[in-house]
Amino acid sequence: LLAAAVLLCLVDALHAFAIEEKADVFKRMACPAFLMFENAAYLADMTFELPCNCKPEEVSSVIWYFQKNMGSHKTRVLTDFAGTMIVDSGRIHTGSDMLKRFSIRMFSLILFRAQVSDSGHYLCGTKKGDFFYGYDVDVQPTSHITTAFVDRGQHVQDDYSEKLFSLFTTFWDWTRCDRCGVRGEQRRIGLCYVQSAKLHPRYRTAVPNVTSCGSKAVPASFREVAIRSCLTPCLKKEAPKEGLQALSNVIAKLGKKPWAPRVPTQFHKQPIGSGLIMTCPGARPEHAVAWDKDSVRLYRSRYLIGVNKRMRVFIDHGNHLHIQRVQASDRGTYFCWREGEMVAGFRLSVFHQQQRRRSLNDPETIYAMKVIGISYIVISVIFIVIHVSRC
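Report on the accompanying structure.

Criteria and thresholds
Residues numbered from 1 in each chain as written. Predicted model: local features only at pLDDT ≥ 70, side-chain atom pairs only at ≥ 80, totals over all residues. Heavy atoms only, no water. Core = buried A, V, L, I, M, F, W, Y, C linked by side-chain atoms within 4.5 Å. Buried < 20%, exposed > 50% of the residue type's maximum accessible area, 1.4 Å probe, protein only. Helix = DSSP H or I, 4+ residues; strand = E, 2+ residues; numbered from the N terminus. Domains from an automatic or database assignment. Contact = heavy atoms within 4.5 Å. 1 Å grid on protein atoms, 1.4 Å probe; cavity = no way out; pocket = protein on both sides within 12 Å on 5 of 7 lines; lining within 4 Å. Points joined across faces, edges and corners; volume = space filled by probe spheres on them. Nonpolar A, V, L, I, M, F, W, Y, C, P; charged D, E, K, R; others polar. Pairing = 2+ DSSP bridges. Salt bridge = Lys/Arg side-chain N within 4 Å of Asp/Glu carboxyl O. Expected span 1.5 Å × (residues − 1). Phe/Tyr/Trp six-rings, centres within 6.5 Å; stacked < 30°, edge-to-face > 60°. Patch = residues over 30% accessible without salt bridge, like charges linked within 9 Å, V, L, I, M, F, W, Y side chains within 5 Å. Areas by Shrake-Rupley, 256 points an atom, 1.4 Å probe, with all protein chains shown as cover.

**Points about the nonpolar core**
F48, L50, W64, L78, L109, Y122 and V137 are the most contacted members of the largest nonpolar core, which has 39 residues in total. It is strand β8 (residues 131-140) that contributes the most residues to this core, 5 residues altogether. Two domains each put at least three residues into this core: domain 1 (24-140) and domain 2 (146-232). When sequence neighbours within four positions are dropped, the list of residues in contact with V137 reads A40, Y42, F48, L50, S119, G120 and Y122. Y303, V326, C336 and A344 belong to the second largest nonpolar core, which has 19 residues in total.

**Some points on empty space enclosed by the protein**
Counted under the stated rule, the structure contains 1 cavity of 30 Å³ or more. For the largest cavity, the full set of lining residues is T175, D178, E185, Q186, R187, H287, A288, V289 and R300. Here the lining of the largest cavity takes 3 residues from strand β12 (residues 184-196), the largest share from any one element. Residue classes in the lining of the largest cavity are distributed as 2 nonpolar, 3 polar and 4 charged. When residues of the lining of the largest cavity are sorted by domain, at least three fall in each of domain 2 (146-232) and domain 3 (262-351).

**A look at the pairing of strand β5 (residues 102-105)**
By the bridge criterion, 4 bridges tie β5 to strand β6 (residues 108-111) in an arrangement that is antiparallel. Paired with R105 across the strands is S108, a residue of β6. Between β5 and β6, which follow one another and run antiparallel, lie 2 residues, and M106 among them has a positive phi close to 50°.

**Thoughts on the pattern of salt bridges**
Following the criterion strictly, the structure yields 7 salt bridges and no others. Put simply, D316 and R113 hold a salt bridge, and the shortest N to O gap is 3.8 Å. Separated by 203 residues along the polypeptide, D316 in the loop between β20 (313-315) and β21 (321-323) and R113 in the loop between β6 and β7 (120-125) bring together distant segments of the chain. When sorted by exposure, D316 lands in the same class as R113, which is buried. Across the pair R297 and D292 runs a salt bridge whose closest N-O atoms are separated by 2.7 Å. Connected through shared salt-bridge partners, D178, R179, D292 and R297 make up one network.

**Some remarks on helix α4 (residues 363-390)**
Taking 1.5 Å per residue, 28 residues should reach 40 Å; α4 reaches 41 Å between its end C-alpha atoms and fits that length. Within α4, only 1 of the 28 residues are buried, which leaves it mostly out in the open.

**With respect to the packing of aromatic side chains**
Here the structure, examined in full by the defined rule, presents 6 aromatic pairs. For the ring pair Y65 and F131, a centre distance of 5.4 Å and an interplane angle of 90° mean the geometry is edge-to-face. Residue Y65 is found in strand β3 (residues 63-67), and its partner F131 is found in strand β8; the two are separated by 66 residues along the sequence. A relative accessible area of 40% places F131 in the partly exposed class.

**So, a nonpolar patch on the surface**
Judged by side-chain polarity, I374, V378, I382 and I386 come together as a nonpolar surface patch covering roughly 360 Å² of accessible area. Relative to the elements of secondary structure, I386 occurs in helix α4. The exposure class of I386 is partly exposed, given its relative accessible area of 45%.

**Thoughts on the pairing of strand β18 (residues 289-293)**
On any regular strand, side chains alternate: one points to one face of the sheet, the next to the other face. Across the 5 residues of β18, 4 count as buried, placing the element largely inside the fold. Note that β18 and strand β19 (residues 296-298) share 3 bridges and pair antiparallel. The residue of β19 that forms the bridge with W291 is L298.

It is worth stressing that arrangement in space is one thing and function is another; only the former is reported here.
Dropping the structure here:
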């Protein structure tokens, strides 16, 4: 009990220290007198975080506002008016409303699985309408993205220049090797950027006269992803005792279950024929994420979205693993690697949905009866009109 009490006190102290550190950041950074928009670009399906970099000390909670275009009268309020909104990211689906895909934590806005329609202006402020910090977020689509596999001799495209502007690809740094001890992969994301002297002065950019494209008139091929193989050793960890290691070898030789990695494992049941999306816990857009099914490596050179036209199992550019039309062969344990270390496992079991008898009060039954009735009326009207016209 004493140890538990000490542990709880340490957790409370660390939490208070984190809040105090956040408050010190706000003390050091003053809000600009003229609201500026900081440019930020991401690929679709990514989960990103927008920190509220400045606010007055007396403000204890913030509200985030979203505007599609500057000066638009249509503004969305991203808050539950209590300071936070808890979202289960595992239940987020592509195309779902923005109000179901966000969370506010420590004054920062977290948007899950961003879509192209989420591009616009995000402002950090209060209920009264005071604005402290703004972002110009450009979510670029991945439907026509170009993927270059360096191991196959493929290269990224050259820049494109015109009289008043130039288009080029700005690449993030190479990620760490997504696996250790075995062959892994590294990913390098490139986003479309434009350089021009005609940019709006209200937008803050890291490099003068350079911002993300964000325009439908820009060729989609300037959004690129480069992938190459890598090999890195695993960090040495404390090996199991000699007796336990020998016992595990004996069990494996006897045909029992093989020695599985010691990572937190979740159990999930999925009906056959449905769709499933897995997310690696704690993964961010810039992290190196990899997926395995049991002992099979799901390399991006084969399972990246868009590599093959008919892909039922694939990895999108937001590091999510998709399984469409789940089959019995998908049963197994899926392991997730983050920054070269295996962090989680998902044991998937599939089952057939049991058929049940529907009553007359079921919404599906009412809908079917309406469709059948309307179809019968339409056919009867056509039949009568044909006979009347013949007479």
